[in-house]
Amino acid sequence: MSDYAADQGGRVVWCLRRRATDVRCLVFGQGTPVEARVMHDRDVVLTEVFQEEWMALDWARIYGDRLRAQGWLDVPETPAHAV
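Keep in mind the model is a prediction, meaning the values are calculated, not measured.

Structurally, the α-helix is built with 3.6 residues per turn, so residues lying three or four positions apart point the same way. End to end, helix α2 (residues 53-69) covers 24 Å across 17 residues, agreeing with the expected 24 Å (1.5 Å per residue, within 8%). When we look at burial in α2, the residues that qualify are Ala56, Trp59, Ala60, Gly64 and Leu67. Down the axis, α2 shows its buried residues gathered within 130° of arc, on one side only. Summarising the geometry of α2, the exposed residues directed more than 90 degrees from the buried face are Trp54, Arg66 and Ala69. Summarising the contacts, the buried residues of α2 are in contact with β1 (10-18), β2 (21-28), β3 (34-40) and β4 (43-50). Just downstream of α2, Gly71 is the residue with a positive phi angle, here 105°.

Below, the structure is given as structure tokens:
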């Protein structure tokens, strides 16, 4: 996934796992607009667009916190998790 994010011009904000499922939040854009994507493998499951990066990162933090509250656990972004 790291290579995918880099290839697409994005960066990983967080990576979470619950049971055998991994999801990642990626942020794309260096100007405006900025896009946040929640992905399962290479499938986009949610996309949000923001006017500024800080807004996207704040949304990603809140979304990740909600998933953690539901039992999702942080997973380090490593080559073993790369797709």
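Soluble globular proteins tend to pack their nonpolar side chains together in the buried interior. With 14 residues, the main nonpolar core has Trp14, Leu16, Val23, Ala56, Trp59 and Leu67 as its most contacted residues. Secondary-structure elements contributing two or more residues to this core are β1, β2, β3 and α2. For this core, the element with the highest residue contribution is α2, accounting for 4 residues. Those residues in contact with Leu16, other than ones at most four positions away along the chain, are Thr21, Asp22, Val23, Gly64, Leu67, Arg68, Trp72, Leu73, Asp74 and Val75.

Moving on, we get to unusual backbone geometry. In this structure, Arg19 is a non-glycine residue whose phi angle is positive, near 55°. Positive phi values are uncommon outside glycine, yet Asp41 reaches one of about 55°. With respect to the element layout, Asp41 can be found in the loop between β3 and β4.

Overall, antiparallel pairing links the 5 strands, which are arranged β4-β3-β2-β1-β5 in an open sheet. The open sheet terminates on both sides in strands that have one partner only, identified here as β4 and β5 (73-74). Docked against the sheet, α2 engages β1, β2, β3, β4 and β5, running at close to 10° with respect to β1.

For the rest of this paragraph, the subject is the packing of aromatic side chains. Under the counting rule described, the total for this entry stands at 3 aromatic pairs. Seen in terms of ring centroids, Phe50 and Trp59 are 5.9 Å apart; in terms of plane orientation they differ by 45°. Their pairing is tilted. Like Trp59, Phe50 is buried. Here Trp59 and Tyr63 contribute two aromatic rings whose centre-to-centre distance is 5.1 Å and whose plane-to-plane angle is 25°, an arrangement assigned as stacked. In this pair, Trp59 and Tyr63 both sit in helix α2, 4 residues apart, roughly one turn of the helix. Here a set of aromatic residues connected by ring pairs shows up, and it is made of Trp14, Phe50, Trp59 and Tyr63. The ring of Phe28 has Arg37 lying over it, and the distance from NZ or CZ to the ring centre is 4.0 Å.

About the criteria used
- Residues numbered from 1 in each chain as written.
- Predicted model: local features only at pLDDT ≥ 70, side-chain atom pairs only at ≥ 80, totals over all residues.
- Heavy atoms only, no water.
- Helix = DSSP H or I, 4+ residues; strand = E, 2+ residues; numbered from the N terminus.
- Expected span 1.5 Å × (residues − 1).
- Buried < 20%, exposed > 50% of the residue type's maximum accessible area, 1.4 Å probe, protein only.
- Arc of directions from axis to C-beta.
- Contact = heavy atoms within 4.5 Å.
- Core = buried A, V, L, I, M, F, W, Y, C linked by side-chain atoms within 4.5 Å.
- Pairing = 2+ DSSP bridges.
- Axes fitted to C-alpha atoms, helices over the stretch in contact; angles between N-to-C directions.
- Phe/Tyr/Trp six-rings, centres within 6.5 Å; stacked < 30°, edge-to-face > 60°.
- Lys NZ or Arg CZ within 6 Å of the ring centre and 35° of its normal.

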